[in-house]
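Results of the structural survey
Residues per chain are reported as follows:
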Amino acid sequence: MNAGRLAKHSTLWLATLAALIPVYTMVSASLRTQKAFLDSPLGLPTSPTLHGYRAALSDSFPRWLANSMLLTVSSVVVTLVLATLAAWGLSRWEFRLRDTLLSAIVALMVVPPVVLVVPLFLLGVELDLINTFWLVIAIYVGLMLPFSIYLLTSYFRTLPVSLFEAAIVDGATSFGVFRRIALPLSAAPLITLAVVNVLWVWNELLIALVFLQSDDSRTLMAGLTAFQNRYNLDIPVVMAGLSLATLPIVGLYLIGQRWFLRGLVAGSVKGE
Amino acid sequence: MVRRTPLRICAALLALAAVMLTAFGATAGARPQASTTLVMWWWGDQEAAGLKGFVAASIKRYEAAHPEIKIKAVLQSTDNLLPNFAAASKAKKGPDIIYRWGGIWSLQDAWDGNLAPLSDYLGKGEMSHYLNAGEETFDGKVWTAPWYLQPSFPVLYRKDVLKKAGIASAPKSWTELMSACKALRAKNITPMAGGIKDGWFGGWLYSILGSQSISSIDDVKKAVTGTQKFSDPNQAAWWTKLQEMVTNRCWNDDIGSKELYQAQQDWSDGKAAMTITAGTDVRKFVKAGGGANVGLMAMPSYGKGIGAGKLGATSQTLGVSSFSSHKQEAADFIKYFHTPAQLTGFYKATGALPADDRFNSAVVTVPQIKQLFALAKKGGPYLENFIPTDLDAKANFANAQLIFAGKLTGKQAADDTEKKMARIRLLQPKLIANFKKWYAQ
Amino acid sequence: MVRPVDATRAARRRKGAPRGRALEPLLWIAPALAAIAFVFGYALYRLVIEATHRDGVGVGLDNLRIVWSDPPFRTAIGHNLRLLVTLPVISGIALLLAVLLFEGLRGWKLHRVALFIPYLLPVPVVGVLFGQFLTLHGQLNSLLDALGLHALALDWLGNPDLALRSLAGVIIWKELGFGVILFLARLLSLSTDPYDAARVDGAGWWRLHWHISLPQLRSIIGFYFVIEGVTLFAWVFNYVYVMTRGGPGDATQVAETYIYDNATTANLPWLAASGAVVLLGGFIALAAVALLVRLALTRRGSAA
């Protein structure tokens, strides 16, 4: 192997190790005792124990997990429904304000959520909706819609109109064209959109922290930050919590690798 | 093939979500049925080991004696104690009973209208037995009820570790403390273990060291309202002394990486000679440090101020929220903690001293706690309770972190504290007005 | 390339298909519009109201003036800008790794999976993990000690001079995977002819990629810049909140934590709202600049 190849392999291995070592320490620490961890933070779990996982699971962890799942499923489903309908409206017809409307919606993609937190929190207090899921779902849906509409509109516009024309000639209604022709053809972008949005809601912290403050309503990510504080004297428990929080996503990735990668690339390719 | 399924799946998921939502009943705070349910948000198990069990047992006893009352106690994490109640107060929905530290930490909520004045429900007579109730007295009312004493804050030292450096008895003066640091460092031993990563230790240090150079709490009050300055020599001295401790390497090297409780753990593990703990925690640390091996003292003093050689006298309190629909019942439960059996039980469970002059101190047998009790009775003012909480966080916490990192001199820290206080005076005039009223009474 | 809709749009016009009437499409768009109007429209409207009032009294632009001259706010924005400086670093490393993977060395698929894993992890998980990993006696320093690099075992998060850079490092660690996958996907979609021709001409590794790969990646690099720029400027709350809370001192304070702190602990909603308005304004400006840069790159790319 010449120097060039050696350099290339070394670089890749260096990067891979840098990527994996922190994850390894997370999992390995989760299987040890606090004492063992403090003595040698990098060591292998020579006598693995599940006390970290047991402590995490007997705490509010399951509750937080359920909350996150509920929020994720509800908000993503609503987003997909609304986005699909809106994207159809923005692609099938031509009308005067269409492109302005679409541009305005797409521009909203880059508004930082922190900007919206203060006014919406004040509203939530006035309407007594703090610590309820309704308000948070509404906010998440609003935040996910611009990108979702953008993606689906671009996709719908690539569908050949001749298909729709043919269906109309056969007597289909406008809604029928949408339901029987456009939707089934959109399985791929819908799934990738679902994946991207699920990731986003699952990871979200700021809004969850501000709007869901009671221990009962807390999401997994917000709970993790409180968890870190609660168990700062027992790091393995914290690491176990982290590992548990990562499992669903890693599982999702292993099952749906294709959609994952496609979802991430999709927005960018369309965005050029 | 894929035609109907996506829509069906969507519909099913939506239905499932709807069912789950109603089932989970989104709002916090229980809906009272035939009986009355009290919700208590509290803290304290973190600084008084055993308190969680005691609270649970007390609730059981109280519920047995009062079948129409149900009590739900939720332990808060340190970081969430304040924000959670702030949010609940804005929403006017939340706990009936809320735990508050003393002084400004209670009064801030009183000024914001989040608390019901407890003396209206318990009576001034009853509350006259509660120690340090003066800290939460405002406008002729006592706003929260002292629950347990927090002697703030003793220095615990390990005789075995001191001996390793040839130190026979604990340092009594400031100069002795500095030489002790040098001697311990010469033997590669950490003199004092502390943790500033989460900031709270900064407030502790301010109260301990800052009180050694001022002549009375009025100096602090004047600095807040503007007739004195936090950069004046008597107020600034402690920053320079803290810097001196850092220069003499009195503290652990990883103080910036460690949270307060984590650093105390190091002392328990024998990795440091001294540490500072909550007075309520002394029993736990005496045990961890080897019983008679552990000595207790007030921080050695560099000055002759009001706090020199003393501990800060303050109590942690319980209050009733202004939006509670069961204020009297909540107050009655708080009063229950002050019945004789509860007072003794409190000490037995936690090793912490209840804030009631009816407590029979004969039950205290641990010598270090006896010593603590004596010190607590003639304590000085606890400074942190008398300044705006925002100043505490932005000046004491933040600048202490920078001093430990060697990035700030004592003088710079003091000047910055005054700047931050000026900023608060500019941005929060209503708060300053309340402070003036508080100080004037 | 003529998009299908363009061709059929002309056809539709010939057949007199629906156009001009906005009613039916608006029915489809309405629900989504309602949600957007609520979340963005109401919020931005309310934000402006909050930013122009104080204690119930209208104060015009006075709050904005106060925020603009508030030292903690300036420090925070300064940190946001400093974080932006890491953009070229992230892009450069991602490019390098993508190119290396593209070359199809033995085991490249394994590397691709490994490099993507950090991006999968939720930000709060990454934050808590590195909060432990980077302590003075944490895993990173243990590793450095084991490798004999004790001099490098610093207080990554506790030292105010290092904290912001450590934060940037963690963000880079996580965001890299996205760039790698993005660039790699693009590279894999390119035709191999130019490469073969250049190799025949004896071009070395560096010249190969500089003259062939890079020009064709211009627009996607631009896109990555925008996405990561947005992230670094206004989506770092998760990292800071979990790892340092703005400390030590205010070494890692950013605009988002400034707004959050003022809205919650300091209980100064008007200050938080004003900060948010300024942030939004700065953000729009930055986004415009980024968009222009991207347009310029695309134009140069398609002209090349």
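The structure under discussion appears in the preceding block.
This write-up is about the structure you can find in this document. (Residues numbered from 1 in each chain as written. Chains lettered and ligands numbered in written order. Predicted model: local features only at pLDDT ≥ 70, side-chain atom pairs only at ≥ 80, totals over all residues. Heavy atoms only, no water.)

Quick word on the packing of aromatic side chains
Using the criterion set out here, one finds 67 aromatic pairs over all chains in the structure. Here the guanidinium or amino end of C:Arg245 rests over the ring plane of C:Tyr241, the centre of that ring lying 4.0 Å away. (Phe/Tyr/Trp six-rings, centres within 6.5 Å; stacked < 30°, edge-to-face > 60°. Lys NZ or Arg CZ within 6 Å of the ring centre and 35° of its normal.)

Describing the nonpolar core
Judged by nonpolar contacts, the single largest core of 196 residues is most densely connected at A:Trp88, A:Leu116, A:Leu145, A:Ile149, A:Phe211 and C:Phe183. With 16 residues, the top contributor of residues to this core is helix H9 (residues 160-188) of chain C. A:Leu116 has contacts with A:Val111, A:Leu143, C:Val39, C:Phe40, C:Ala43 and C:Leu44, leaving out every residue within four places of it along the chain. (Core = buried A, V, L, I, M, F, W, Y, C linked by side-chain atoms within 4.5 Å. Buried < 20%, exposed > 50% of the residue type's maximum accessible area, 1.4 Å probe, protein only. Helix = DSSP H or I, 4+ residues; strand = E, 2+ residues; numbered from the N terminus. Contact = heavy atoms within 4.5 Å.)

Observations regarding the interface of chain B and chain C
Listed per partner, the contact involves 19 residues of chain B and 25 residues of chain C. For the pair chain B and chain C, the summed buried surface comes to about 1800 Å²; carbon and sulfur atoms form 53% of the total. Summed over the shared surface of chain B and chain C, the number is two salt bridges. A salt bridge links B:Lys407 to C:Asp161, with the shortest nitrogen-to-oxygen separation between them at 2.6 Å. Where chain B touches chain C, the interface holds seven residue pairs in polar contact (both at pLDDT 80 or more). Looking at the side of chain B that touches chain C, its residues break down into four nonpolar, four polar and eleven charged. (Buried area = accessible area lost by both parts, 1.4 Å probe. Salt bridge = Lys/Arg side-chain N within 4 Å of Asp/Glu carboxyl O. Polar contact = N/O pair within 3.5 Å; in protein donor to acceptor, adjacent residues only side chain to side chain. Nonpolar A, V, L, I, M, F, W, Y, C, P; charged D, E, K, R; others polar.)

A closer look at the interface of chain C and chain A
How big an interface is tends to be expressed through the accessible area that disappears when the partners come together. Each partner contributes residues to the interface: chain C has 92 residues there, and chain A has 90 residues. Together, the buried faces of chain C and chain A total about 8300 Å²; carbon and sulfur atoms form 78% of this surface. Applying the counting criterion to the chain C and chain A interface returns two salt bridges. Inspection of the chain C/chain A interface yields four residue pairs in polar contact (both at pLDDT 80 or more). Among the elements that make up the side of chain C that touches chain A, the one with the highest residue count is helix H2 (residues 23-51) of chain C (19 residues). Of the residues belonging to the side of chain C that touches chain A, the class tally is 67 nonpolar, ten polar and 15 charged.

Section: helix H6 (residues 113-126) of chain A
Residue and element names in this part refer to chain A. For H6, with 14 residues, the first-to-last C-alpha span of 20 Å sits near the 20 Å given by 1.5 Å per residue. Maximum bend of H6: about 30°, positioned at Pro119. Counted residue by residue, H6 has 13 buried out of 14 residues, so it is predominantly covered. (Expected span 1.5 Å × (residues − 1). Bend = angle between axes of the 7 residues up to and from the residue.)

Re helix H4 (residues 61-92) of chain A
Along its 32 residues, H4(A) runs 46 Å from first to last C-alpha, staying within 8% of the 46 Å computed at 1.5 Å per residue. Extensive coverage of H4(A) is indicated by the burial of 23 of its 32 residues.

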